[in-house]
Amino acid sequence: MDILEAVLKNTLNMESFSDLPPRLSDEESERMKADAFNDTEGNLNEDDGYSCSICKNRGIIMKVKQTRSGNWTNVACDCECMKIRHTIRMMQRSGLKNIIRDYTFSKFIATEDWQITLKEAAKTYSLEKKGWFFIGGQSGAGKTHLCTAICREFLLEGMPVKYMLWRDEAPKIKAAVNDAALYSAWMDPLKKVKVLYIDDLFKTGRGSEDSQKPTAADVNIAFEILNFRYNNPDLLTIISSECTVNDIINIDEAIGGRIFERAKAFSLKPDRSKNFRLKGVTEL
Ligand SMILES: [Zn+2]
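I will try to describe carefully the structure that is included in this document. (Residues numbered from 1 in each chain as written. Predicted model: local features only at pLDDT ≥ 70, side-chain atom pairs only at ≥ 80, totals over all residues. Heavy atoms only, no water.)

Quick notes on the nonpolar core
And then number 1: In this structure, Phe 133, Ile 135, Ile 150, Phe 154 and Ile 238 are the most contacted members of the largest nonpolar core, which totals 40 residues.
And then number 2: The element best represented in this core is helix H8 (residues 143-156), accounting for seven residues.
And then number 3: Two domains each provide a minimum of three residues to this core, namely domain 1 (24-79) and domain 2 (83-278).
And then number 4: Phe 133 has contacts with Leu 118, Ala 121, Ala 122, Tyr 125, Ile 150, Thr 237, Ile 238, Ile 239, Ala 263, Lys 264 and Phe 266, leaving out every residue within four places of it along the chain.
And then number 5: Core analysis: the next-biggest nonpolar cluster, separate from the first, contains 27 residues, Leu 190, Leu 196, Phe 202 and Ile 259 among them. (Core = buried A, V, L, I, M, F, W, Y, C linked by side-chain atoms within 4.5 Å. Buried < 20%, exposed > 50% of the residue type's maximum accessible area, 1.4 Å probe, protein only. Helix = DSSP H or I, 4+ residues; strand = E, 2+ residues; numbered from the N terminus. Domains from an automatic or database assignment. Contact = heavy atoms within 4.5 Å.)

Focus: the coordination of the zinc ion
And then number 1: Around the zinc ion, the protein supplies Cys 52 (SG), Cys 55 (SG), Cys 79 (SG) and Cys 81 (SG) as donor atoms, at distances of 2.3 Å.
And then number 2: Taken together, the four donor atoms coordinating the zinc ion span angles of 101 to 114° at the metal, a pattern that classifies the geometry as tetrahedral.
And then number 3: Mapping the donors of the zinc ion onto the primary sequence yields the spacing C-x2-C-x23-C-x1-C. A residue pair is termed long-range when its members are at least 10 positions apart, and Cys 52 in the loop between helix H4 (44-48) and strand E1 (60-66) and Cys 81 in helix H5 (residues 81-93) qualify at 29 residues. A single burial state applies to Cys 52 and to Cys 81, both of which are buried. (Donors = N, O, S within 2.8 Å, 3.2 Å for Na, K, Ca; no water. Tetrahedral: all angles 85-135°; square planar, octahedral: opposite > 155°, others 65-115°.)

Regarding the sheet that holds strand E6 (residues 236-241)
And then number 1: Strands sit in the order E4-E5-E6-E3-E7 across an open sheet of five strands; the sheet is parallel. Both edges of this open sheet fall to strand E4 (161-165) and strand E7 (263-268), since each of them pairs with a single strand only. Averaged over all neighbouring strand pairs, the angle between strand axes comes to 10°, with direction disregarded.
And then number 2: Examined bridge by bridge, strand E3 (residues 132-137) and E6 share five bridges and lie parallel to one another. Looking at E6, one finds that Gly 136 is bridged to Ser 241. (Pairing = 2+ DSSP bridges. Axes fitted to C-alpha atoms, helices over the stretch in contact; angles between N-to-C directions.)

A look at H5
And then number 1: Here H5 contains 13 residues, and its C-alpha end-to-end distance of 18 Å stays within 8% of the 18 Å for a straight helix at 1.5 Å per residue.
And then number 2: Within H5, burial applies to Cys 81, Ile 84, Arg 85, Thr 87, Ile 88, Met 90, Met 91 and Gln 92.
And then number 3: On the buried face of H5, the contacting elements are H4, helix H6 (99-102), H8, E4, helix H9 (166-175) and strand E5 (195-199).
And then number 4: Of the residues flanking the end of H5, it is Gly 95, one or two places downstream, whose phi is positive at about 110°. (Expected span 1.5 Å × (residues − 1).)

In structure tokens, the structure reads:
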């Protein structure tokens, strides 16, 4: 071996240097672990139809943080999409199946003039994002479909949306009326969330006609939520109900008046031809 080459090799220790793996700092090593985790695909979208490019549908993002003692570590954080998924799941639990796939405006078939008017108004509301939107009256006319389609648009834009199915939520709130902390825990999110959808306002879904009438406690809860939102005009409120605005005014003038003032409101007159659930049924 050339003597010069041998000296150089010895001095720079080239062979052993090139054999050494690059030494990673603790921070780099934690970051590699986090990147590997954050690159894997999750499958939450299979349940709720909502696809998130930030967490790749895992719902969790791994973040590298330094502890007080100076060590580096990985911390699992909820992705922002988890709030959206929570709302979608609440809606799905209430019987609205695949919201993202099925509750689109294009799947609301509008052939009659009243359907076209409703659909256009709902689409415009979802774009303008101003005030309240109310559809009341005839059951089975697609009120829930259109209100859900509005919420779907907002959810896809990442807006905070809460879903309140009246017959499920109102009894829980009424039961908590003597427990101030629990009562606030139920009520505050409904009052303050950016978008609230109240589905089937004042419908209890049980009992005879008479027992389905809203009680004073129902009226108080509705007033407290809607009055707060009325006083905070940036909050968007969507309401569907079998009651028309006039019916609600008859139940409680203050609530009806606020809906009338804030909402783009539609009341469907009772008409069995508007009931989709009866379509295809031959009446004898
Ligand atoms: Zn996400």
